[in-house]
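# Analysis of the macromolecular model
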Amino acid sequence: MTGAQALPQVIDGKAAAAQVLAEVREQVLGLKEQGLQPALAVVLVGSDAASQVYVRNKILRAGEVGIASLEYALPATCTLAELLDLIAQLNADSTVNGILVQLPLPAHIDENAVLQSVDPAKDVDGFHSENVGGLSQGRNVLTPCTPAGCLRLLKNTLGDLRGKHAVVVGRSNIVGKPMAALLLQADCSVTVVHSRSLDAAALCRQADIVVAAVGRPNLIDASWLKTGCVVIDVGINRLSVGGSSRLVGDVDYASALTKASAITPVPGGVGPMTIALLMNNTLIAARQQWAAQGTL
Ligand code: GUN
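In short, a report on the structure. From a predicted model like this one, the values you see are computed outputs, not experimental measurements.

Take the pattern of salt bridges next. The tally for this structure, following the rule as stated, stands at 3 salt bridges. Arginine 61 is paired through a salt bridge with glutamate 64; the nearest N and O atoms lie 3.1 Å apart. In this pair, arginine 61 and glutamate 64 both sit in helix 2 (residues 49–65), 3 residues apart, roughly one turn of the helix. For arginine 61, a relative accessible area of 24% translates into the label partly exposed. Judged by relative accessible area, which is 44%, glutamate 64 ranks as partly exposed. Lysine 226 serves as the salt-bridge partner of aspartate 208, at 2.8 Å between the closest nitrogen and oxygen. With a gap of 18 residues between them, aspartate 208 in the loop between helix 8 (200–204) and strand 7 (209–212) and lysine 226 in the loop between strand 7 and strand 8 (230–233) connect regions that are remote in the sequence.

All residues in the neighbourhood of the ligand are listed as Leu100, Val101, Gln102, Leu103, Asp125 and Phe127. A distance of 2.6 Å separates a nitrogen atom of the ligand from a polar atom in the side chain of aspartate 125. Its residues assigned to classes, the shell around the ligand shows 4 nonpolar, 1 polar and 1 charged.

Viewed as axis vectors pointing N to C, helix 1 (residues 13–33) and helix 10 (residues 270–293) meet at an angle of 25°, and their least axial separation amounts to 8 Å. On the basis of their axis angle, the class for helix 1 and helix 10 is roughly parallel. When you trace helix 1 past helix 10, the crossing you get is left-handed. Contact with helix 1, carried on its side by Gly13, Lys14, Ala16, Ala17, Val20, Leu21, Val24, Gln27, Val28 and Leu31, involves Pro272, Met273, Ala276, Leu277, Met279, Asn280, Leu283, Arg287 and Trp290 of helix 10 and no other residues of that element. Across the contact of helix 1 with helix 10, the residue classes break down as 14 nonpolar, 3 polar and 2 charged.

Cut-off values and rules
Along each chain, the written sequence defines residue order, and numbers are assigned to residues from 1. Only residues with pLDDT of at least 70 are given local features in this predicted model, and only at 80 or more are side-chain atom pairs given and counted; all residues enter the totals for whole chains, interfaces and linings. Hydrogens and water are ignored here; the side-chain numbers use all heavy atoms of the structure. Think of a salt bridge as a Lys or Arg side-chain nitrogen and an Asp or Glu carboxyl oxygen that are within 4 Å of each other. Only DSSP runs of H or I reaching four residues or more are called helices, and only runs of E reaching two or more are called strands; each is numbered from the N terminus. Here the term buried applies to any residue with accessible area under 20% of the maximum for its type, exposed to any over 50%, and partly exposed to those in between, with areas from a 1.4 Å probe on protein chains only. Think of it this way: one heavy atom of a residue within 4 Å of a molecule or strand is enough to make that residue near it. Side-chain atoms alone can form a polar contact between residues adjacent in sequence; in general such a contact is a pair of N or O atoms within 3.5 Å, and within protein one must be able to donate a hydrogen while the other accepts it. Each residue gets one of three labels, nonpolar for Ala, Val, Leu, Ile, Met, Phe, Trp, Tyr, Cys and Pro, charged for Asp, Glu, Lys and Arg, and polar for the others, Gly among them. Note on method: axes are straight lines fitted to C-alpha atoms, helices fitted across the in-contact stretch only, with angles between N-to-C directions ranging 0 to 180 degrees. Each angle is binned into one of four classes, with values under 35 degrees roughly parallel, values over 145 roughly antiparallel, values of 65 to 115 roughly perpendicular, and all other values oblique. Whether a crossing is left-handed or right-handed is set by the direction in which the near helix is turned from the far one by less than a right angle, anticlockwise for left-handed and clockwise for right-handed. Here, two residues are considered to be in contact whenever any of their heavy atoms come within 4.5 Å of each other.

Here is the structure:
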């Protein structure tokens with residue numbers, strides 16, 4: 001016998017997302033038989049190329065699972081007041097169950113004012129402070145889609161997460177902070193590593209679970225990892241090499257393969273899960289609204 005390590009499991013985010021989407025589609029079909037259809041409004045401000053791709057994919061995916069979608073494209077020059085006015089209309093429209101404002105917004109628009117203007121019951125991104133607070137208190141609220149997708153991948157891979165040491169690399173409002181809250185709720189011991197951490201690699205080496213969400217291509221290599229750890233790579237970074245470009249994560253994939261027991265690829269790992277969980281959140285929001293109205 002040699003001491004060679006078994007090949008790590010490549011965590012298939014496309015397959016896991018397909019499973020979530022199939023469950024959502026089945027439930028949406030059931031609701032349609034009762035004359036109900038969930039609807040998602042997606043608001044895009046400006047013409048950021050990556051945001052346009054994300055929005056197009058969200059609309060496509062909604063169609064595939066039977067969720068109605070409404071797309072609102074505002075020019076980059078729109079004012080905060082115009083955007084708030086649109087959101088107020090969507091809040092008041094009982095046929096709209098979910099509202100998503102694609103980020104980033106143009107610099108002149110106060111992002112916090114916009115996120116706080118979304119009705120928390122329709123906040124399918126989970127970015128309103130009421131939902132953020134609810135998550136940190138362990139209440140059952142709408143939860144940010146990317147970290148919720150990462151948690152599903154981890155549970156699919158490891159089963160029970162209780163007692164595991166999870167290190168989250170990055171402290172953004174969209175991923176790092178809600179990811180830490182979700183892992184804590186799943187009974188992990190959680191460390192958040194960030195740009196001011198004194199020895200990020202040493203902290204990471206103690207982790208059973210590493211979730212990387214910093215937006216720095218190939219930052220984390222095998223020297224950051226404990227043998228047998230599970231790695232979830234949220235990074236989507238476009239690297240230009242010669243005349244062409246390719247997507248890489250925050251984890252140096254080839255290097256990490258020598259240590260991890262399981263790892264998400266980029267692309268095909270976390271990315272597909274984010275949209276699947278958005279559809280799931282829209283379904284949850286719709287059900288809760290209809291239940292509150294006595295329709296369901
Ligand atoms: N931009 C990057 N990620 C996200 C996300 O999860 N939601 C929204 N609304 N915008 C984003």
